[in-house]
Amino acid sequence: MDNRFGKLISYEQNKNQIKVTYANGEVFFTVVKDDIIRVTVPYFCKDYISKAMEQDKSQDAEFSVQKSAEKVAIVTSKLQLVIADNFTTEFYSADGQLLVRDYCGDRTVEKRVSWETMEMLEAEGHDTSNLQEDQIRFQIVKTIEDGDDFYGLGDKSGFMNKKHYEYENWNSDLPQAHNEDFKALYKSVPILMCLKKSAAYGIFFDNTFRSKINLGKENPEYYFYTAEEGNLDYYFIAGTDLRDIVSGYTYLTGTTPLPQMWTLGYQQSRWGYECADDINYVVDNYRKEQIPLDVIHFDIDYMEHYKVFTWDEKNYGPKGELFDSLRARGVKPVTIIDPGTKLEKGYFMCDEGTEKGYFATDKDGDIYVNAVWPGDSNFPDFGREEVRNWWADKHQILVDMGVAGVWNDMNEPASFHGELPQDVVFYDEDRKTTHAEMHNLYGHLMSKSTFEGLKAQTGKRPFVITRACYAGTQKYSTVWTGDNQSLWHHLQMMIPQLCNLGLSGFAFCGTDVGGFGADCTPELLCRWIEAGCFSPLFRNHSAKGTKKQEPWRFGQEVVDINRKYIELRYKFLPYIYDLFYQGETTGLPVMRPLVLHYPNDPEVRDLNSEYLVGEAILVAPVLEQGVTRRMVYLPEGVWYDYWTGERVEGKQYILREAPIDVCPIYIKAGSLIPTYDVVQYVGEKPYDRVTLLATPGEARYTHFQDNGEDYAYQEGAYNLYEFVVDESEKLHTNMIHKGYTPYEEITIQWIGK
Ligand code: GLC
């Protein structure tokens, strides 16, 4: 609602778009499909092309438009929208249940302190940004109904349920320990999901300028979204539970594509492994300890003076040699690439970028300079296709050396001499604009360029990891949650953070296992490896100056526990891979909050300490120091303890003993889960046999098998098996699609029998 619009005068329909004219303005309502309606007021730009979608996603949906007295109603088979004076909207489900309406009162903005108090607070170092007045282009204020709970919003800190918290969309590199009161982190993924008592809806606020969302913190009766600039442009998605909203949202912004199988293996990283010997020592020790390892990450240390696309031969040896020897040991190298390009005459990236005008400039047209790791640096303007192509082509240098994947960092963009001013000039393709609009897109566009480069150069499914991103980046890159710390509350936050990222389209995500900053302890590393062993991206990473974090730095018990859970990960690889395969179509994540599958169970709406892997596995790790038993909530149905086979009735809390080497894991009755023999790395041996882990009950499961590397599966080079266990517990196998070398052996292994 917005009083400035005044009386509703008329409407005009042009195909799937309904323009509503008010006394003082116009609003566009577009039926995208039967469960999605877009609402736009083009304050900023008339034909804005969404960076999250890149194309018009409208389908031919059937709908009707009715006008009565002072209202216009748009009715589809799944959704009804009633529009009235002052741009007031009410959204209903098909059966007439209210989903949400605009809040009609005034916001109760509290002015909480005087200027004098503010000065005092600042003098002592308090953050007062919250108390300063907002710059607002427009606001959307909607009611919170009894029973509404909120999810999504990407990587925001804190808990699963976002109700009563406020957040900001402004990609931020913050070195302090991320707490639940942090407004913004590295990513801006403005998809809000509301689970009601018996329905759900989502709103994707597609605006890249700085925006805020306050979910009943200001006043429990309403939530609001404000943006500093840009269009009022949102997509309303209606559904019965969160699964529908995830499906609608990923329909719009894209699903996470199927990754290469080895990227799901275990990965080791540290800033910094300072020379080839450091890297060799780590890899050899993994092999010696017989702990599986697929990837080693090269942080900024491998470059010459942190200049991107260079290689420090002095410390790492001749180009390609170390990579070849890693490959011979089954380890794939992933190198970091930051956007900040060192300002240095004679350095090819600097010279070419300057000559061709590829770097962002200040408002007077001079190349903008700020400092990052290499010192004074320039920032490629990824908003332009020509610049993205140039950057993409440079990846040939890495590919020729034998790089298997690229890690994009510092792309908020981070800068050491204060944030880039709002008026630094960037382009959105041919349109000249500013940092204010492109900031939240910087990481998105950088990883799109990286993805396209690697795809063209290798023909494989690119492995890109990015820290900063926007909605839709999941099509190009996996994400990690940035600089967490070796703190128990950061281990605890892993579950809600990764689950919300998953709901927000990012099926491939992970935290730095063990924590990046601060010193890890033996106990924390064990609990983190247990809790994270099903997290889609599974990487141990730590910062320079902190305690070294490979398992053997903490003694034999820690080595054994790490091996146990990393082996477990390798055992379940085909199940995780199947979830990615399915997710490419459905948009559903790998790591899931219980509320996704049990929307009617009030116990799981605020559950932060457990997660599901697909539907069949429930993980309830220990997340507190010194704790050796925990309460586990099992939702309805029957569950089997993975370790003991014990049968447990669901819809109850149980107490599970969990000494340091035990992470409670439960398998749902009637499950079939494909598993592989443990290997030291993907590709060590052919995966020519599969073991189906089964729990009692009738079961049906579809399993995907291919070469795990390229796009041949899209041309039919894959097998799709349907496994069925009937009431007499006999296994039947049907090959639904045959296009790849089939397994030589399929066996079944029972749990709970
Ligand atoms: C940033 C990254 C971190 C990396 C470091 C050095 O802090 O988030 O992962 O190790 O930069 O490149």
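Attention in this report is confined to the structure presented alongside it.

Procedures and definitions
Residues numbered from 1 in each chain as written. Predicted model: local features only at pLDDT ≥ 70, side-chain atom pairs only at ≥ 80, totals over all residues. Heavy atoms only, no water. Helix = DSSP H or I, 4+ residues; strand = E, 2+ residues; numbered from the N terminus. Rg over C-alpha atoms; globule rule 2.2 N^0.38 Å. Contact = heavy atoms within 4.5 Å. Areas by Shrake-Rupley, 256 points an atom, 1.4 Å probe, with all protein chains shown as cover. Salt bridge = Lys/Arg side-chain N within 4 Å of Asp/Glu carboxyl O. Buried < 20%, exposed > 50% of the residue type's maximum accessible area, 1.4 Å probe, protein only. Near = heavy atom within 4 Å. Polar contact = N/O pair within 3.5 Å; in protein donor to acceptor, adjacent residues only side chain to side chain. Nonpolar A, V, L, I, M, F, W, Y, C, P; charged D, E, K, R; others polar. Pairing = 2+ DSSP bridges. Axes fitted to C-alpha atoms, helices over the stretch in contact; angles between N-to-C directions. Arc of directions from axis to C-beta. Patch = residues over 30% accessible without salt bridge, like charges linked within 9 Å, V, L, I, M, F, W, Y side chains within 5 Å. Lys, Arg positive; Asp, Glu negative; His and termini not counted. Charge placed at Lys NZ, Arg CZ, Asp CG, Glu CD. Parallel < 35°, antiparallel > 145°, perpendicular 65-115°, else oblique. Left-handed = near helix turned anticlockwise from the far one by under 90°.

Quick look at the overall build of the protein chain
So, point 1. Counting its secondary structure elements, the protein chain contains 14 helices and 47 strands.
So, point 2. Against the compact-globule benchmark of 27 Å for 753 residues, the protein chain has a radius of gyration of 26 Å, which places it among compact chains.
So, point 3. Across the protein chain, the fraction of contacts at a sequence separation of at least 24, relative to all contacts at a separation of at least 6, is 69%.
So, point 4. For the protein chain, the exposed area adds up to about 27,400 Å²; of that, 47% sits on carbon and sulfur atoms.

Focus on the pattern of salt bridges
So, point 1. A complete count under the given rule lists 53 salt bridges for this structure.
So, point 2. A salt bridge links D148 to K196, with the shortest nitrogen-to-oxygen separation between them at 2.9 Å. Residue D148 is found in the loop between strand 10 (138–143) and strand 11 (149–152), and its partner K196 is found in the loop between strand 14 (191–195) and strand 15 (200–205); the two are separated by 48 residues along the sequence.
So, point 3. Judged by relative accessible area, D148 falls into the buried class, the value being 1%.
So, point 4. When salt bridges with common partners are traced through the structure, they connect E168, R210, K212, E228 and E419 into a single cluster.

Quick look at the site of the ligand
So, point 1. Every residue near the ligand is listed here: W271, D299, I300, I336, W373, W407, D409, R467, W480, D483, F516 and H541.
So, point 2. D409 places a side-chain nitrogen or oxygen 3.0 Å from an oxygen atom of the ligand.
So, point 3. Within the side chain of H541, one N or O atom sits 2.9 Å away from an oxygen atom of the ligand.
So, point 4. Relative to its free-state accessible area of 300 Å², the ligand is covered by the protein chains to the extent of 97%.
So, point 5. By residue class, the composition of the shell around the ligand is seven nonpolar, one polar and four charged.

Observations concerning the sheet that holds strand 3 (residues 25–33)
So, point 1. Pairing is antiparallel in the open sheet, where eight strands are placed in the order 1-2-3-4-18-15-14-11. One side of each edge strand has no neighbouring strand; the edge strands of this open sheet are strand 1 (8–14) and strand 11. The mean angle between the axes of side-by-side strands here comes to 20 degrees, regardless of whether they run parallel or antiparallel.
So, point 2. Here six bridges tie strand 2 (residues 17–22) to strand 3, and the two strands are oriented antiparallel to one another. Opposite K19, over in strand 3, you have F28 as the bridge partner.
So, point 3. Packed on one face of the sheet, helix 2 (residues 242–253) meets strand 3, strand 4 (36–41), strand 11, strand 14, strand 15 and strand 18 (232–239) and runs near 140 degrees to strand 18.

A few points about the side chain of S449
So, point 1. Along the chain, S449 turns up in helix 9 (residues 442–458).
So, point 2. Once residues lying within four places of it in the same chain are set aside, the contact partners of S449 are R388, W391 and A392.

Some words on helix 6 (residues 348–356)
So, point 1. Turning to helix 6, its buried residues are M349, C350 and G353. Projected onto a plane normal to the axis of helix 6, the buried residues spread over an arc of 95 degrees and lie on a single side.
So, point 2. Close packing links the buried residues of helix 6 with strand 22 (341–342), strand 24 (375–378) and helix 7 (385–401).
So, point 3. Positive backbone phi, at 70 degrees, marks G357, one or two positions downstream of helix 6.

Some remarks on a negative patch on the surface
So, point 1. Together, E116, E119, E122, D127, E180 and D181 make up a negatively charged patch on the protein surface.
So, point 2. As for its placement among the helices and strands, D181 is situated in the loop between strand 12 (166–169) and strand 13 (187–188).

Here's the deal with the packing of helix 7 against helix 9
So, point 1. Axis separation between helix 7 and helix 9 bottoms out at 8 Å; the angle between their running directions is 50 degrees. With respect to helix 9, the element helix 7 is oriented oblique. Two packed elements cross with a definite hand, and for helix 7 against helix 9 that hand is right-handed. Across the interface between the two elements, R388, W391, A392, D393, H395, Q396 and V399 from helix 7 touch L445, M446, K448, S449, T450, G453, L454, Q457 and T458 from helix 9.
So, point 2. Of the residues assigned to the contact of helix 7 with helix 9, the class counts are six nonpolar, seven polar and three charged.

A few points about the sheet that holds strand 20 (residues 295–298)
So, point 1. An order of 31-30-28-25-21-20-19-33-32 is seen for the nine strands of this open sheet, with the pairing classed as parallel. Both edges of this open sheet fall to strand 31 (509–510) and strand 32 (512–513), since each of them pairs with a single strand only.
So, point 2. Across three bridges, the pairing between strand 25 (residues 405–408) and strand 28 (residues 464–466) is parallel. Residue pairing for strand 28: V406 is matched across the bridge by V464.

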